[in-house]
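Observations on the model geometry
So you can see what is in the structure, the chains are spelled out below.
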Amino acid sequence: MFRPDEPIMPSWLSGRPVTVDHGGPTGAFERFPAGCIEQPIVTRFFAIADRFGDKVAIDDGAATLTYRQVRARVTAMAARIADATPNGGPVAAILDNTAEFPVVFLACLMTGRPIVPVDAGYPADHQRAILRDSGAVTVVLGPGLSLPDDLLRDLATVVPVAAGDTAPVGDAPSVSQAVDAPAGVIYTSGSTGRPKGVAFSQRQFLTSLAEYIDACHIGPDDRLVGLASLGGASVREALAALLTGATFHIADLRQHGINAVFRTLKATQCTILAFVPSVLRSFTARADAADALASLRIVDLFGELVTADAVAALRGVLPATCHIRVSLGSTETMVLFHWFVPRDFEPTGAGLPCGYLARHASIRLLDDADEPAGPGCVGELVVRGRAIASGMWAGGAVLPGPFRQDPDDPSARILHTGDLIRLREDGLAEFAGRRDRRVKIRGLRADPGDVEALLHRLPGVLDCAVVTRTAGDDTVFLAYVVANETGPAAPHAMRAAIRAALREDLPPHMMPGEIHLLDSIPRLPNFKPDLLALTRREAPDPR
């Protein structure tokens, strides 16, 4: 166990001062078997499917599949994928968020072909960039979907998915035992304009998944709802359900809207909900929020800074017994920090701590001179471990990219994350922004994340994002705000109220040069704010 208050911070810190479920659910439950991390994911799923054969495994609102039916479809799809890729190679899966997505995911794992999940709702250029960068030799294509001719010419095979088809093509393949080989390639959101592939093995994914299951006590009585793309964040919820005997419900927020999501939450009596905090906070403004969320026992907040006000708003509509979990990680590292927020926790700033260190990683914090940060000081987070990603993916192969091999452990890697972290004396970590978002304004350091944190605290602000605009030697922040019903009705009055509130806490150089009121913040497929779109919104007209 580490001690962040030591006079000189050790080179690497590891261990948690508390258990993974500290402050969260209590009572007996079935922990994820440690031995299963050494086995293929499909081996664990088949064992669960045999145990819960007639229980509902997946419900997407249109189709309901039992564990026995999912197993049959996985085996059938695995046979088709193996037949289409006799020489192996990555398989891209372009699918809507339906029950077929987890089936195809498990089928690829069964065959040992790396899966490149691609949400059918992604923009066409985003899909094209992923397919070409990934080196996919085959595409599994969902019902009613098609590919442009230029992409079809580059692919060896297209495997169409017919809903309800369980007829295998050829003999069912044996389960691939290659738990350390590339198993999945998750493409980042493309916040810089170009998606980047990150490769994971089954062992790496299961290590983080097991910690999530153990922390939240996920089991057969749970009902998890996936609101985001199964090509990204919601795959964790799907596998957490399917590897524990729980039921996974699909309610695509982007495709069907909040009314349909609320109907699903209420009808399914959802017990675990994980999503971006700013979006979940918007749920609390609805009159029917408490009714729709009444069955929840865990809410997991991830993907961005969690503010104390957001947690307070959620507690106002969640049942008193519901635990709120905060976590921080990235595509490259999985979850690195997590904790359950006590009801009596008194935050020292706008943002809440992001948690205690995950049990599978070691970290160190480096200052601007790449020296160990002092106690209580902010430093760039550097991660070391076997469970972080294998590397970047391009052209059908794993590349080192920003990852370095650990000189002390050939099976581990080291990554400079760019996240800025402060460690408290109690072992909790606080997120202090991103190194690549910090800028100099009038020669002084400025972080748009600090402005966002203050905006989130204002009673008239429902959502916000801050970007930087630079013209010549002049740099300024631009604030984009979504107002709620508690703010002034007139736009000029709302902007004036925001400026007056910010002046109380911000130094002059960090005051936004412009404040824009929007109906909604544009978001990436993973529901993080699309900062690039906001930056381009204010780009000067080249004419």
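Calculation criteria
- Residues numbered from 1 in each chain as written.
- Predicted model: local features only at pLDDT ≥ 70, side-chain atom pairs only at ≥ 80, totals over all residues.
- Heavy atoms only, no water.
- Helix = DSSP H or I, 4+ residues; strand = E, 2+ residues; numbered from the N terminus.
- Expected span 1.5 Å × (residues − 1).
- Buried < 20%, exposed > 50% of the residue type's maximum accessible area, 1.4 Å probe, protein only.
- Arc of directions from axis to C-beta.
- Contact = heavy atoms within 4.5 Å.
- Pairing = 2+ DSSP bridges.
- pLDDT = per-residue confidence, 0-100.
- Phe/Tyr/Trp six-rings, centres within 6.5 Å; stacked < 30°, edge-to-face > 60°.
- Lys NZ or Arg CZ within 6 Å of the ring centre and 35° of its normal.
- Salt bridge = Lys/Arg side-chain N within 4 Å of Asp/Glu carboxyl O.
- Axes fitted to C-alpha atoms, helices over the stretch in contact; angles between N-to-C directions.
- Parallel < 35°, antiparallel > 145°, perpendicular 65-115°, else oblique.
- Left-handed = near helix turned anticlockwise from the far one by under 90°.
- Nonpolar A, V, L, I, M, F, W, Y, C, P; charged D, E, K, R; others polar.

An ideal rise of 1.5 Å per residue puts 18 Å on 13 residues; helix H13 (residues 491–503) measures up with 18 Å between its terminal C-alpha atoms. The complete set of buried residues in H13 reads Met-494, Ile-498 and Leu-502. The buried residues of H13 occupy one face: seen down the axis, they fall within an arc of 65 degrees. Turned more than 90 degrees off the buried face of H13, the exposed positions are His-492 and Arg-503. Elements in contact with the buried residues of H13: helix H12 (448–457), strand S26 (461–471), strand S27 (474–483) and strand S28 (514–517).

Turning next to the pairing of strand S5 (residues 115–119). For S5, the buried fraction is high: 5 of the 5 residues fall into the buried class. Judged by which residues are buried, S5 turns out to be covered on both faces: Ile-115, Pro-117 and Asp-119 on one side and Val-116 and Val-118 on the other are all buried. Sheet topology note: the strand S4 (residues 91–95)/S5 ladder contains 5 bridges and is parallel. Bridge pairing in S5 links Leu-95 to Asp-119.

Take the confidence of the model for the chain next. Scored by pLDDT, the chain comes out at a mean of 87, with 92% of its residues at no less than 70. Considering only residues more than four positions removed or in separate chains, one finds that residues 1–9, a stretch of pLDDT under 50, has 22 contacts. In the predicted structure, residues 539–543 sits below a pLDDT of 50 and forms 0 contacts with residues beyond four places in sequence or in another chain.

Below, the discussion takes up the packing of aromatic side chains. All chains considered together, the criterion is met by 6 aromatic pairs. Note on Phe-262 and Phe-283: the rings are 5.2 Å apart at their centroids and 75 degrees apart in plane angle, and the pair reads as edge-to-face. Residue Phe-262 is located in helix H8 (residues 253–268), and its partner Phe-283 is located in helix H9 (residues 277–283); the two are separated by 21 residues in the primary sequence. Judged by relative accessible area, which is 4%, Phe-262 ranks as buried. Residues Trp-339 and Tyr-356 carry aromatic rings whose centres are separated by 6.4 Å and whose planes lie at 90 degrees to one another, so their mutual orientation is edge-to-face. One end of the pair, Trp-339, is in strand S15 (residues 334–340); the other, Tyr-356, is in strand S16 (residues 356–357), with 17 residues separating them in the sequence. Three or more aromatic residues joined by ring pairs form one cluster here, namely Phe-45, Phe-46, Phe-52 and Tyr-67. If you follow Arg-236 out to its NZ or CZ, it ends over the ring of Tyr-212, 3.7 Å from the centre. Over the ring of Phe-302 we find Arg-236, and its NZ or CZ is 5.6 Å from the ring centre.

Attention now moves to the pattern of salt bridges. Applying the stated rule across the entire model yields 24 salt bridges. With a shortest N-O distance of 4.0 Å, Arg-31 and Asp-21 are connected by a salt bridge. With a gap of 10 residues between them, Arg-31 in the loop between strand S1 (13–14) and helix H1 (41–51) and Asp-21 in the loop between S1 and H1 connect regions that are remote in the sequence. Assessed through its relative accessible area of 14%, Asp-21 is described here as buried. Residue Glu-38 is joined to Arg-203 by a salt bridge in which the shortest nitrogen-to-oxygen separation is 2.2 Å. Of the two residues, Glu-38 sits in the loop between S1 and H1 while Arg-203 sits in helix H6 (residues 202–216), which places them 165 residues apart along the sequence. Under the relative-accessibility criterion, Glu-38 is labelled partly exposed at 48%. With relative accessibility at 24%, the residue Arg-203 sits in the partly exposed group. Salt bridges sharing partners connect three or more residues here, namely Arg-236, Glu-237, Asp-300 and Arg-325.

Where burial is concerned, most of helix H7 (residues 234–242) is hidden: 9 out of the 9 residues are buried. Listed in full, the buried residues belonging to H7 are Ser-234, Val-235, Arg-236, Glu-237, Ala-238, Leu-239, Ala-240, Ala-241 and Leu-242.

Our focus in this paragraph is the pairing of strand S19 (residues 391–394). Bridge count for strand S9 (residues 197–201) against S19 is 3 bridges, and the pairing is antiparallel. Residue pairing for S19: Gly-197 is matched across the bridge by Trp-393. Direction of pairing for S19 relative to strand S20 (residues 397–399): antiparallel, over a ladder of 3 bridges. The residue of S20 that forms the bridge with Trp-393 is Val-398. Hairpin remark: S19 followed by S20, antiparallel, with 2 residues in the connecting loop; positive phi at Gly-395, about 65 degrees.

Looking now at the packing of helix H2 (residues 67–84) against helix H3 (residues 100–111). As a packed pair, H2 and H3 sit with axes 8 Å apart at the nearest point and diverge in direction by 55 degrees. Taken together, H2 and H3 sit at an angle that is classed as oblique. Remark: the crossing between H2 and H3 carries right-handed chirality. In this structure, H2 contributes Val-70, Arg-73, Val-74, Thr-75, Met-77, Ala-78, Ile-81 and Ala-82 to the contact, and H3 contributes Glu-100, Val-103, Val-104, Leu-106, Ala-107, Cys-108, Met-110 and Thr-111. Residues of the contact of H2 with H3, tallied by class, amount to 12 nonpolar, 2 polar and 2 charged.

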